[in-house]
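# Structure assessment
So the chains spell out like this:
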Amino acid sequence: AAAEKGGYDYFMLKEIAEQPKAVADTLLGHFQDGRIVLDEQRISDQDLRDIDKVFIVACGSAYHSGIVAKYAIEHWTRLPCEVEIASEFRYRDPVLDRSTLVVAISQSGETADTLEAVRHAKSQKARVLAVCNTNGSQIPREADAVLYTHAGPEIGVASTKAYLAQITANYLVGLALAQARGTKYPDEVAAEFRQLEKMPEAIQHVVDSLDPVREIARELAGSKSVLFLGRHVGYPTALEGALKLKELAYMHAEGFPAGELKHGPIALIEDDLPVFIVMPPVEGRGVLHSKLVSNVQEIRARGARTIVIAEEGDEAVRPLSDHFIPIPASTTLLQPLLATIPYQAFAAEVAAARGYDVDKPRNLAKSVTVE
Ligand code: G6P
């Protein structure tokens, strides 16, 4: 078993380290002759062009990857896009027809809630596109189009490399739709793909610089509660950070959109409460960046401990951070591929410090095949 873990104490740590490859392999072969290509397409180009609304359905971490996708899909395609927890979707009678695209995201391809959402969508004549890590599993079998993630088998129950691969595949779905609809010129699609191709190297850089995060984790392993804040795509990153900590360390954690702080969560801020914040990258700096700087100031003024993930050289926020975790530069939309990684390492280290099995958290299953 030690050999299978490739020298790591846990599969999860090995899988965190495999993320540059998971992302690179997911991109591989999906840009050919200047066009984004899906793995399977049983829907005509014309029908794809006629899509006028997108719903994303998924559970757990896959759902968080779907929130990232919403920001990219709406920005690139100008299609309205909603993201929904799969177990809620079919029970509220969503408005679906043949020009609706339902994107189902699932690592296993067997999650019952997601599968039932797919079946409901199909019964209402909607088109279904699956983003899946498991060849031949049920969800891609029932879908009209498929894009496979190539994370390889994931053993750790808490998703890491499959999550980054899902985010990567979701971007490709967004670009494929933009290309079909003509909301992006071919050279713009190519330029976005080239940005994506740069990410494995940046991911490697983050993976290689996680020791300070582990040190912070050991220091904070006794905390009662941890908050995670972010805006734009930093918001789903906050949700994922909180989920990882709940799943692995059995610690109360919540992720919020930072703008909501003043509408409630600020009441939770007290002395020494650890608060993680993801800053938008320099490219997106402007209104959101300065609003987040103000949030960090407010949190700090109330005695909480600020742990800030920001682009290297973000000097506006560094002096306000009790702990500053630098990540490489990226475009705003692609930043979750980098900013999520410290949260994975943090949760794994807190769990290990508390004496828990990082790969097999209590009460959780890798794939949940009952509704
Ligand atoms: C379970 C796992 C989660 C996962 C979720 C969705 O709850 O513990 O890690 O995110 O299922 O799984 P899927 O296979 O559909 O991506």
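Residues numbered from 1 in each chain as written. Predicted model: local features only at pLDDT ≥ 70, side-chain atom pairs only at ≥ 80, totals over all residues.

### Here we look at unusual backbone geometry
Within the chain, D33 stands out as a residue other than glycine whose phi angle is a positive 50 degrees. Relative to the helices and strands, D33 resides in the loop between β1 (31-32) and β2 (35-36). The class for D33 is exposed, based on 5 C-beta atoms found within 10 Å. (Helix = DSSP H or I, 4+ residues; strand = E, 2+ residues; numbered from the N terminus. Buried ≥ 20, exposed ≤ 12 C-beta atoms within 10 Å, placed from the backbone.)

### Structural notes on the packing of helix α8 (residues 161-181) against helix α14 (residues 336-353)
The N-to-C vectors of α8 and α14 enclose an angle of 165 degrees; their axes lie 10 Å apart at closest approach. In terms of axis orientation, α8 runs roughly antiparallel to α14. Handedness of the α8/α14 crossing: right-handed. Here α8 contributes Y163, L164, I167 and T168 to the contact with α14, which in turn contributes P336, L337 and T340. Looking at the contact of α8 with α14, its residues break down into five nonpolar, two polar and no charged. (Axes fitted to C-alpha atoms, helices over the stretch in contact; angles between N-to-C directions. Parallel < 35°, antiparallel > 145°, perpendicular 65-115°, else oblique. Left-handed = near helix turned anticlockwise from the far one by under 90°. Contact = placed C-beta atoms within 7 Å. Nonpolar A, V, L, I, M, F, W, Y, C, P; charged D, E, K, R; others polar.)

### Side note on helix α9 (residues 186-197)
With twelve residues, α9 extends 16 Å between its outermost C-alpha atoms, agreeing within 8% with the 16 Å of an ideal straight helix rising 1.5 Å per residue. On its buried side, α9 packs onto α2 (19-27), β2, α8 and α10 (199-207). (Expected span 1.5 Å × (residues − 1).)

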